[in-house]
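Analysis of the macromolecular model
These are the residues of each chain, in order.
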Protein chains: 2
Amino acid sequence: MTDLEILKKALDLFNEKGYAHVGMRELARELDISPGNLTYYFKKKEDVLAALLNQFSTLNTHTLESYLQLEPTNANFLQLMRNIFDNQFRFRGVYVGNQFFPVAVVEKKIFDYQSVVTKRKAIYQEIFSSLRKAGQLDLDDQDISFLVSFITLFGRFWITEATLFNKSPNKDEVIQHYLFLLARQLSLFSTEAGIKSIEEYRIKNRG
Amino acid sequence: MTDLEILKKALDLFNEKGYAHVGMRELARELDISPGNLTYYFKKKEDVLAALLNQFSTLNTHTLESYLQLEPTNANFLQLMRNIFDNQFRFRGVYVGNQFFPVAVVEKKIFDYQSVVTKRKAIYQEIFSSLRKAGQLDLDDQDISFLVSFITLFGRFWITEATLFNKSPNKDEVIQHYLFLLARQLSLFSTEAGIKSIEEYRIKNRG
DNA sequence: GTCTATACAAGGATAGAC
DNA sequence: GTCTATCCTTGTATAGAC
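A short tour of the structure in this document, coming up. The written sequence of each chain sets the order in which its residues are numbered from 1. Each chain takes a letter, starting from A, and each ligand takes a number, starting from 1, following the order in which they are written. This being a predicted model, a pLDDT of at least 70 is required before a residue's local features are given, and a value of 80 or more before pairs of side-chain atoms are given or counted; all residues contribute to the totals for chains, interfaces and linings. With hydrogens and water excluded, all non-hydrogen atoms of the structure serve as input to the side-chain values.

Observations concerning the overall build of chain A
- Runs of E in the DSSP output that reach at least two residues are strands. Runs of H or I that reach at least four are helices, and both are numbered from the N terminus. Within chain A one finds 11 helices and zero strands.
- Counting from the amino terminus, chain A carries its helices and strands in the arrangement α-α-α-α-α-α-α-α-α-α-α.
- A principal-axis box enclosing the C-alpha atoms of chain A has dimensions of 60 × 35 × 30 Å.
- Only protein chains enter the accessibility calculation, which uses a 1.4 Å probe; a residue is then buried when its area is under 20% of its type maximum, exposed when over 50%, and partly exposed in between. Counting every position in chain A, which comprises 207 residues, the buried fraction comes to 52%.
- The contact criterion used throughout is that any non-hydrogen atoms of two residues lie within 4.5 Å. For chain A, the proportion of contacts with a sequence separation of at least 24, taken over those separated by at least 6, is 71%.
- When charges are tallied, Lys and Arg are placed among the positive residues and Asp and Glu among the negative ones, while His and the ends of the chain are skipped. Lys charges are placed at NZ, Arg charges at CZ, Asp charges at CG and Glu charges at CD. Of the side-chain charges in chain A, 26 are positive and 25 negative, and the distance between the mean point of each set is 4 Å.

Laid out in C-alpha cells, this is it:
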C-alpha cells in the first residue's frame, strides 16, 4: 500500500460523495486494509485532505507555468482556463466538498490556502497586464483589478455551482458552458485582435 | 422556549462556527435546555437547517417583491441587490456553511432549494428585461442570459468568498466591495441614463 | 405539553500487540 | 507495516417524570 494509492481512492470517494460523507473506516474498507492501518499512512482525515490539496495546488502551478511560456493571446488564455477548469473538476471533491474548510486549513496548519489565493491573484494581474501589452485587451488599471476580482470569484465557484445539485455532471458540457461565459466577459474588454483570437479559439475547439 | 428563540440562537452559532461545527448538545447548552428537550422542538439537526432556509427564502422573496413595486432603474436594482446581500450576510451560516448541502436538501426532502434557484433565475430574467425596456440597459437576448448567469453565480458566491478566511468580516465593508463590482459589471451594459442612475446610487450611498 | 435522563450507533482518533 | 481493541464525540431515539 502506498500514499498515492490511498489518495487516488480517497479522491474518487470524495468526488462521489463529498469529503464530509466519506469516513475513514469506509476508505479503509475500499482499500482492503484495516482502519488502524490507514492511520499508519495518514494519521488524521485532515491529513488526507491536505495531501490532496497539495496535489491540486501543484498541478495548477504547473498548468499556469506552461501558459506563461506561450504568446499572450486571448486564445491561449482561454486554453489555460480550460486546463485549470479541468483540474478543478478532477479535484472537485476536495475543492468544493468542504463546508467551510476545516479549521485546520483556515488556520494554515495543514495547508496555507490563503497564501495560494494571494499568489494566484498576483499571477492573474500579470496575465491581464501582458494581454493588454500584447494588444489583446483594452484595459485601464481599474479594469484590470476588476477582471482579477471577477476571475478569482468566477474561476473558483463555477465548479461549486455546477455540482450543487449533481456531484458528477458531464465534465465537457459544464466546462464548455462556463468557459463560454468567461469568453463573453473577456470579449467585453477585447480589442479587435483580441476578439479575433477568441473566435479562433472557438473554431479550433469545435472541430 | 419557542421555535423562534431556538432558531435565532442556532443561526448565531452557525454564523460563528459553521453549520457542521455546531452540535445539538452545544446548541442546547447555549439555550439552557437539555439536549433531549431540544429534540422536542426539532427532531433532527437538519430540521433546524430547513427552518432557517425557509426563513431566509421567505425574507428574500419579500425583498424581491418590494423591488418589483418600484421604477425599474439601475439605482433601484443596486439597492435591491444590497438588500439581498444583507440577507445573505445575515444567514451566511446556513447559506455558505454548506457547500454541498446535506443529502436531504439536495433530494428536496427538507427544502426544495433547486426550485428556489429556478424561480430566482426567472425573476432576474424579468428584471433585466424591464431594465432594458426602461432604457437603463442596452442588451440583446444573449446579453440577458449572460447577465442572469453572472448574477446567479456572483450573487450566490460573493459571500462564500468573503467568509472563506474570516467567518465574520465587516459587513458594510464587504457588501460595499461586492456591490461595487456588481455596479461595474452593470455599467458595461448600461445606456447613458443607466450610467447616470448608477452614479446617483453611488452619491446617495456615500452621504 | 414540556422536560430529563439515558442509550445506541457511527465516526475520528490513539495505543499497543504482532 | 499491519492489525485489534478502545476511547471520545456527536447525531438520534426513546422511556418516563412532571
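Re the packing of aromatic side chains
- Only Phe, Tyr and Trp rings take part, Trp by its six-membered ring, and two of them pair if their centres are within 6.5 Å. Stacked means planes under 30 degrees apart, edge-to-face means over 60, and tilted covers everything else. Counted under the stated rule, the structure contains 28 aromatic pairs over all chains.
- The interplanar angle of 85° and the centroid separation of 5.1 Å between the aromatic rings of Tyr40(B) and Tyr41(B) together place this pair among those described as edge-to-face.
- On the accessibility criterion, Tyr41(B) (25% relative accessible area) is partly exposed.
- Ring geometry for Phe56(B) versus Tyr95(B): centroids 4.9 Å apart, planes at 65°, classification edge-to-face. In this pair, Phe56(B) is assigned in helix H4 (residues 45–68) and Tyr95(B) in helix H6 (residues 92–95), connecting sequence segments 39 residues apart. Of the two residues, Phe56(B) and Tyr95(B), neither departs from the other in class, the shared state being buried.
- Within the aromatic cluster, the residues linked to one another by ring pairs are Phe85(A), Phe150(A), Phe154(A), Trp158(A), Tyr178(A), Phe85(B), Phe150(B), Phe154(B), Trp158(B) and Tyr178(B).
- Criterion for a charge above a ring: Arg CZ or Lys NZ at most 6 Å from the ring centre, at most 35 degrees from the ring normal. Over the ring of Tyr95(A) we find Arg156(A); its NZ or CZ atom is 4.8 Å from the centre of that ring.

Some remarks on the protein's contact with DNA strand D
- To be near a molecule or strand, a residue needs just one of its heavy atoms within 4 Å of it. In the region of DNA strand D, the neighbouring residues are Ile33(A), Ser34(A), Gly36(A), Asn37(A), Tyr40(A), Tyr41(A), Val22(B), Gly23(B), Met24(B), Arg25(B), Lys44(B) and Lys45(B).
- The sugar-phosphate portion of DNA strand D accounts for 51% of its atoms within 4 Å of the protein, the bases making up the rest.
- Lys45(B) places a polar main-chain atom, nitrogen or oxygen, 2.9 Å from a phosphate oxygen of DNA strand D.
- If you list the elements that add at least two residues to the surface near DNA strand D, you get helix H3 (35–41) of chain A together with helix H2 (24–30) of chain B.
- The greatest single-element share of the surface near DNA strand D, amounting to four residues, is contributed by H3(A).
- By residue class, the composition of the surface near DNA strand D is five nonpolar, four polar and three charged. As used in this structure description, the phrase polar contact means that two N or O atoms lie within 3.5 Å; if the pair is within protein, one of them must be able to donate a hydrogen and the other to accept it, and residues adjacent in sequence are counted only when both atoms belong to side chains. Residues were grouped as follows: Ala, Val, Leu, Ile, Met, Phe, Trp, Tyr, Cys and Pro as nonpolar; Asp, Glu, Lys and Arg as charged; and all remaining residues, including Gly, as polar.

Considerations on helix H10 (residues 171–187) of chain B
- The span expected for a helix works out to 1.5 Å for each residue beyond the first. With 17 residues, H10(B) extends 24 Å between its outermost C-alpha atoms, agreeing within 8% with the 24 Å of an ideal straight helix rising 1.5 Å per residue.
- Along H10(B), the positions that sit buried rather than exposed are Val174(B), Ile175(B), Tyr178(B), Leu179(B), Leu181(B), Leu182(B), Ala183(B), Arg184(B), Gln185(B) and Leu186(B).
- Along its buried surface, H10(B) packs onto helix H9 (141–162) and helix H10 (171–187) of chain A together with helix H5 (74–90), helix H8 (113–133), helix H9 (141–162) and helix H11 (192–204) of chain B.

A word on the relation of the copies chain B and chain A
- In this comparison the copies share one frame, found by least squares on the C-alpha atoms of residues holding pLDDT of at least 70 in both. When chain B is brought onto chain A, the operation consists of a screw motion whose angular component is 180° and whose axial shift is 0.0 Å, with 0.1 Å RMSD remaining. Here the two chains are linked by the operation of a two-fold rotation axis.
- The overlap is high: 94% of the interface residues of chain B also sit at the interface in chain A, so the same surface is used on both sides.

A look at the protein's contact with DNA strand C
- Neighbouring DNA strand C are 13 residues, the closest being Met24(A), Arg25(A), Ser34(B), Tyr40(B) and Tyr41(B).
- Near the protein, meaning within 4 Å, the atoms of DNA strand C are sugar or phosphate in a fraction of 51%, with bases accounting for the rest.
- Within the backbone of Lys45(A), a nitrogen or oxygen atom sits 2.8 Å from a phosphate oxygen of DNA strand C.
- Tyr41(B) places a polar side-chain atom, nitrogen or oxygen, 2.5 Å from a phosphate oxygen of DNA strand C.
- Sorting the residues of the surface near DNA strand C by element identifies helix H2 (24–30) of chain A together with helix H3 (35–41) of chain B as the ones contributing at least two each.
- It is H3(B) that contributes the most residues to the surface near DNA strand C, four residues altogether.
- Per-class residue counts for the surface near DNA strand C are four nonpolar, five polar and four charged.

Here we look at the interface of chain B and chain A
- Taken together, the contact between chain B and chain A spans 35 residues of the former and 35 residues of the latter.
- Defined here as a combined quantity, buried area equals the accessible surface (1.4 Å probe) lost by two parts on assembly, summed across both. Taking both sides of the interface into account, the surface hidden between chain B and chain A amounts to around 3,600 Å²; carbon and sulfur atoms contribute 71%.
- A side-chain nitrogen of Lys or Arg and a carboxyl oxygen of Asp or Glu constitute a salt bridge if their distance falls within 4 Å. Linking Asp143(A) and Arg184(B) is a salt bridge whose minimum nitrogen-to-oxygen distance equals 2.8 Å.
- Where chain B touches chain A, the interface holds five residue pairs in polar contact (both at pLDDT 80 or more).
- The biggest single contributor to the side of chain B that touches chain A is H9(B), with 13 residues.
- Its residues assigned to classes, the side of chain B that touches chain A comprises 18 nonpolar, 10 polar and seven charged.

Comments concerning the packing of H9(A) against H10(B)
- Working convention: axes come from line fits to C-alpha atoms, limited for helices to the stretch in contact. Angles between N-to-C directions cover 0 to 180 degrees. Packing of H9(A) against H10(B) leaves a shortest axis separation of 11 Å and a crossing angle of 110°. The angle between H9(A) and H10(B) falls in the class roughly perpendicular. Contacts between H9(A) and H10(B) involve Gln142(A), Asp143(A), Phe146(A), Ser149(A) and Leu153(A) on the former and, on the latter, Tyr178(B), Leu181(B), Arg184(B) and Gln185(B).
- Of the residues belonging to the contact of H9(A) with H10(B), the class tally is four nonpolar, three polar and two charged. For this classification, under 35 degrees means roughly parallel, over 145 means roughly antiparallel, 65 to 115 means roughly perpendicular, and everything else is oblique.

In short, geometric facts, not functional conclusions.
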